[in-house]
Amino acid sequence: DQYDRSYTLYNIGLIYGKNENYPRALEYYHQAVSLNSNLPQALNNIAAIYHRQGLLALEMASQDYDAAMEISEEYEYIELAKGLFDKAAEYWYQALKLAPDNYPRARNWLRITGRAKSLDSF
């Protein structure tokens, strides 16, 4: 059934994530969530991947700056990072709505970055 399939897809996403194939992991996590919207662990993992990609974008901006690259290229990486962090926040917020006692690091990151919305309401 759909419920079982969602967990199978989630588990496939875990395997891809463990092997650092994040695009494929995201694909499977999104499929799992589309079949079962009550999978906070999949939402958390989606958020974690977007957060990691945001950190990598910031790292690229820093490298480009150090290499005397164009300021516009550095700005593009920074804007990309902001967008990825916003996506991470969206998925962490959804995960916390489903499992309010889980993911304390995500909750803290949302508060520190000003992306908390109304976390205290659940």
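Predicted, not measured: the structure shown is a model, and the values here were computed from it.

(A) Geometry of the pattern of salt bridges. One pass over the full model with this rule turns up 3 salt bridges. A salt bridge links D86 to R115; the shortest N-O distance between them is 2.9 Å. Remark: R115 occurs in the segment after α5 (104-112) and D86 occurs in helix α4 (residues 71-98); sequence separation between them is 29 residues. On the basis of relative accessibility, which here comes to 42%, the residue D86 falls in the partly exposed class.

(B) Representation of unusual backbone geometry. With a phi close to 60°, E20 is a non-glycine residue in the positive phi region. If you trace the backbone, E20 turns up in the loop between α1 (2-18) and α2 (22-35). Residues other than glycine seldom take positive phi values, yet Y103 does so here, at roughly 60°. Relative to the elements of secondary structure, Y103 occurs in the loop between α4 and α5.

(C) Representation of the confidence of the model for the protein chain. With 89% of its residues at a pLDDT of 70 or more, the protein chain has an overall mean of 90. At the level of individual helices and strands, the protein chain shows its lowest average pLDDT in helix α3 (residues 40-66), which scores 89, and its highest in α2, which scores 98.

(D) Just the environment of A89, in detail. By the element assignment, A89 lies in helix α4. Judged by relative accessible area, which is 9%, A89 ranks as buried. Sequence-wise, A89 and A48 are 41 residues apart; in three dimensions their C-alpha atoms are separated by 9.4 Å. Setting aside anything within four residues of it in sequence, one finds A89 in contact with W109, L110 and R115.

What counts and how
Residues take numbers from 1 onward in each chain, read along the sequence in its written order. Whole-chain, interface and lining totals are the exception, using all residues; otherwise, since this is a predicted model, local features are given only for residues with pLDDT of at least 70 and side-chain atom pairs are given and counted only at 80 or more. Values shown for side chains rest on all heavy atoms present in the structure; no hydrogens or waters enter the calculation. Within this document, salt bridges are pairs made up of a side-chain nitrogen of Lys or Arg and a carboxyl oxygen of Asp or Glu, the two lying within 4 Å of each other. Per the convention used, a helix needs a DSSP run of H or I reaching at least four residues, while a strand needs a run of E reaching at least two, with both numbered from the N terminus. Relative accessibility thresholds used throughout: buried, under 20% of the residue-type maximum; exposed, over 50%; partly exposed, between the two (1.4 Å probe, protein chains only). Known as pLDDT, the predictor's per-residue confidence is scaled from 0 to 100. By the convention used here, residues are in contact when the closest approach between their heavy atoms is within 4.5 Å.

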